[in-house]
Amino acid sequence: MVAIDAEQKRPAADTELAPAKKARGEAFDAAACFKKGLFDGVDKLSEEFATSQPYHHCHIAPFCDEELLQGVRNEMIEKLHFTQKETDIFKYHQSGDLANLDGLPEEEKRQLPNLQKLRDAIYSQEFRDFVSRVTGCGPLSGSRTDMSTNRYKQRDHLLLHDDVIGDRRVSYIIYLPDPEINDGKGWEPKDGGHLELYPRESENSWAPAVSPTKRIPIRWNQIVFFTVLPGESHHSVEEVAGAGRERLSIQGWFHFPQPGEPGYEHDQMKRLWTNGAVSTLSQIEAKRQRAAGCSGDKYTEYPTPVDDTTTLTEDDRGLLAKYLNPDYLDAKIMGQIAEKFAEDSNIQLGEFLNKATAEVLQSGLRDIDSHDGMCGTDIPPHGTGERGRWHAFGSPVIRRFMRLDGPDMANAAEGLLAALRDDLFASGAYARWLSTITTLTIAARRGMVRRFRSGLDYTLGTPDGSKTTTLDAVLSFVGSPAEWADGAVGGYQCYVDGGDEDDEASNDGSVYRRTEEDGILLTVPAAWNTLNVVMREPGVVKFVKYVSASAPGSRWDVAFEYQVPADDE
């Protein structure tokens, strides 16, 4: 196996780069690497690009010489080493940066002749001119290569983002699935892995709509490319759902010309915006989305802060007994919970609701999932479950899930979820009970009922700007909880160190969270009828991992945040 060093750093965007190798110039026949006549179709492709929706893009199949691409595929499978990568926003297997091929020892380079040839052809003057003419994007750098190989296996995915990093100008994907898959019929839609393109929410917003309007299927010897534009080029890679299927591809970018290259301009990034630099305006928009979108509804304050000196009244106990397992109202058990919480700052309470309440939810939620076809098999279409009081809640830059609004429900389980939200979690009695088991003062609350549909929904680890400690109380419900326990189907709640609050977010507002062991503070798998109580300090971010289509159903929860006054931290 050839291990390409992913950590070997390329020169910075503003560094003088060496001119392109002669191999990419007149001594290299780049045109022979592509489908015969590819460059002759520029006018038609340019017209298709200009009229494409939801933003300008182009897909061509076939585009490459068949023999060359088959050789590339063989080298990727037989010679390259892939590492699994997973964060809140993605899960896939990736090789190192193919820009580093030139730095390999000669013996290893000789094992990858087709990959080197394809890379040199992609960044040749001929192909860059072709892409520039089709897209109208202007000159592209030939000295800065930026590409890697990806293998998406079952459950792998890449959630919504816009590719705006540094001086990227055009994004491209080359597809290399097994050409003999499904007896030569090609990749089937049910296998997933589509490239999904999202329109803008409206002409007055840079945020993407909650669902994509274009899905580009996987096809052998296909290239897709689009211009990278802040607030426009939002896209995602749908989960690969087919057992044994692999979405093998090459992902890369063309960059603006570098210093010393033809077409370089000092202020070239300003082309992306008519009234300022991308790095300024998109960051302002990203922070606005995070502040307004991630934090959710405004807090509702209690008439007076609730602290652990407040005892539960008979009326409190009557309300709590209507829903809670009676064990959690026992003074001795509550004391034990308080001791454990004082040690760990978090606790998980199983069988939280009483048996009668839990049984209503178990049968009702199972029926809803069955009706919507969420049984651990196919990826549901976007829009599934959006009916009645349920609506999709975004922006998908940072989250997508179903939110339940209103108290009046036709389904008994939905009505009970609304009652848990309004009658229990929002009550003073519940705040006093929480204060008793955590010994924290509670000043305000906010929360909602959520449904994370399998194959569609998630939240990303995004700072919410909190300056004080927050007490999270999340009551989750999943069917077949044993299948969720190891986190393989997602749906788990994860808390990570958010780093410096002044760190820049990516331009689409999402934060590419690091999830190394030293960054993870707590991970709680989705479970049935389990309350997860966590004391979250400022700077700690949380996310619910994307729920795989292979999950046995939805993750449902009642999720509340309780504000702790600064003087009680």
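Here the structure is a predicted model, which is why all the values come from computation and not from measurement.

## Quick word on the overall build of the protein
If you tally the helices and strands in the protein, you get eleven helices and 23 strands. Every one of the 569 residues in the protein was classed for burial, and the buried ones make up 56%. Contacts spanning at least 24 positions in sequence make up 83% of the contacts within the protein whose residues lie at least 6 apart. Total accessible area computed for the protein in this model is approximately 24,000 Å², and 48% of it derives from carbon and sulfur atoms.

## Quick notes on helix H9 (residues 355-371)
With 17 residues, H9 extends 24 Å between its outermost C-alpha atoms, agreeing within 8% with the 24 Å of an ideal straight helix rising 1.5 Å per residue. Of all the residues in H9, the buried ones are Thr-357, Ala-358, Leu-361, Gly-364, Leu-365, Ile-368 and Asp-369. The buried residues of H9 occupy one face: seen down the axis, they fall within an arc of 145°. H9 presents Lys-355, Ala-356, Arg-366 and His-371 as exposed residues on the side facing more than 90 degrees away from its buried surface. Against the buried residues of H9 lie helix H10 (412-425), strand S16 (442-452), strand S18 (470-477) and strand S23 (555-563).

## So, unusual backbone geometry
For the bond running from Gln-53 to Pro-54, omega is 5°, close enough to zero to count as cis. The residue Pro-54 is located in the loop between helix H1 (42-51) and strand S1 (57-60) in this model. In this structure, the amide linkage connecting Gly-394 to the following residue, Ser-395, adopts the cis form with an omega of 10°. Following the sequence through the fold, Ser-395 ends up in the loop between strand S14 (390-393) and strand S15 (399-404).

## Quick look at the pattern of salt bridges
As enumerated under the stated definition, the model contains 30 salt bridges in all. Residues Arg-450 and Asp-557 are paired through a salt bridge, measuring 2.9 Å at the closest nitrogen-oxygen approach. Remark: Asp-557 occurs in strand S23 and Arg-450 occurs in strand S16; sequence separation between them is 107 residues. Using a relative accessible area of 11% as the deciding quantity, one classes Arg-450 as buried. The exposure class assigned to Asp-557 is buried, which follows from its relative accessible area of 0%. Linked by salt bridges that have partners in common, Arg-446, Asp-464, Asp-472, Arg-536, Lys-542 and Glu-561 make up one network.

## So, the nonpolar core
Within soluble globular proteins, side chains that are nonpolar generally end up buried alongside one another. One finds Leu-417, Tyr-430 and Trp-433 to be the most contacted residues of the largest nonpolar core, which totals 50 residues. Discounting chain neighbours no more than four positions away, the residues touching Leu-417 are Leu-361, Leu-365, Trp-390, Leu-404, Val-449, Phe-477, Trp-556 and Val-558. In terms of nonpolar packing, the next biggest core, distinct from the first, is built from 44 residues, Cys-58, Leu-101, Ala-121 and Tyr-123 among them.

## Points about the sheet that holds strand S22 (residues 540-544)
The sheet built from three strands is open, its strands ordered S20-S19-S22 with antiparallel pairing. Lying at the two open borders of the sheet, with one neighbouring strand each, are strand S20 (520-524) and S22. This sheet shows a mean twist of 15° between the axes of neighbouring strands, independent of strand direction. Both strand S19 (residues 493-497) and S20 contribute to a ladder of four bridges, which runs antiparallel. If you follow Val-496 over to S20, its bridge partner there is Ile-520.

## Overview of the packing of helix H8 (residues 331-344) against helix H11 (residues 428-438)
Where H8 contacts H11, the two axes come as close as 7 Å, and the packing angle between them is 60°. In terms of orientation, H8 and H11 fall into the oblique class. Seen from H8, the contacting residues are Met-334, Ile-337, Ala-338 and Phe-341; seen from H11, they are Trp-433, Thr-436, Ile-437 and Thr-438. Grouping the constituent residues of the contact of H8 with H11 by class yields six nonpolar, two polar and no charged.

## Considerations on helix H5 (residues 125-135)
For H5, every residue scored as buried is listed here: Phe-127, Arg-128, Phe-130, Val-131, Ser-132, Val-134 and Thr-135. The inward-facing, buried residues of H5 abut H1, S1, helix H4 (113-122), strand S6 (168-175), strand S9 (222-227) and strand S11 (247-255). Once H5 finishes, Gly-136 follows within two positions and takes phi at roughly 70°, a positive value.

## Details of the packing of aromatic side chains
Applying the stated criterion to the full structure yields 24 aromatic pairs. Relative to Phe-130, the ring of Phe-39 has its centre 5.3 Å away and its plane inclined at 40°; by these criteria the two rings are tilted. Of the two residues, Phe-39 sits in the segment before H1 while Phe-130 sits in helix H5, which places them 91 residues apart along the sequence. Owing to a relative accessible area of 23%, Phe-39 belongs among the partly exposed residues under this scheme. You can call Phe-130 buried: its relative accessible area is 3%. Relative to Trp-433, the ring of Tyr-430 has its centre 5.7 Å away and its plane inclined at 25°; by these criteria the two rings are stacked. Remark: Trp-433 and Tyr-430 occur in helix H11; sequence separation between them is three residues, near one turn of the helix. Under the relative-accessibility criterion, Tyr-430 is labelled buried at 0%.

Reading the values: the criteria
- Residues numbered from 1 in each chain as written.
- Predicted model: local features only at pLDDT ≥ 70, side-chain atom pairs only at ≥ 80, totals over all residues.
- Heavy atoms only, no water.
- Helix = DSSP H or I, 4+ residues; strand = E, 2+ residues; numbered from the N terminus.
- Buried < 20%, exposed > 50% of the residue type's maximum accessible area, 1.4 Å probe, protein only.
- Contact = heavy atoms within 4.5 Å.
- Areas by Shrake-Rupley, 256 points an atom, 1.4 Å probe, with all protein chains shown as cover.
- Expected span 1.5 Å × (residues − 1).
- Arc of directions from axis to C-beta.
- Salt bridge = Lys/Arg side-chain N within 4 Å of Asp/Glu carboxyl O.
- Core = buried A, V, L, I, M, F, W, Y, C linked by side-chain atoms within 4.5 Å.
- Pairing = 2+ DSSP bridges.
- Axes fitted to C-alpha atoms, helices over the stretch in contact; angles between N-to-C directions.
- Parallel < 35°, antiparallel > 145°, perpendicular 65-115°, else oblique.
- Nonpolar A, V, L, I, M, F, W, Y, C, P; charged D, E, K, R; others polar.
- Phe/Tyr/Trp six-rings, centres within 6.5 Å; stacked < 30°, edge-to-face > 60°.

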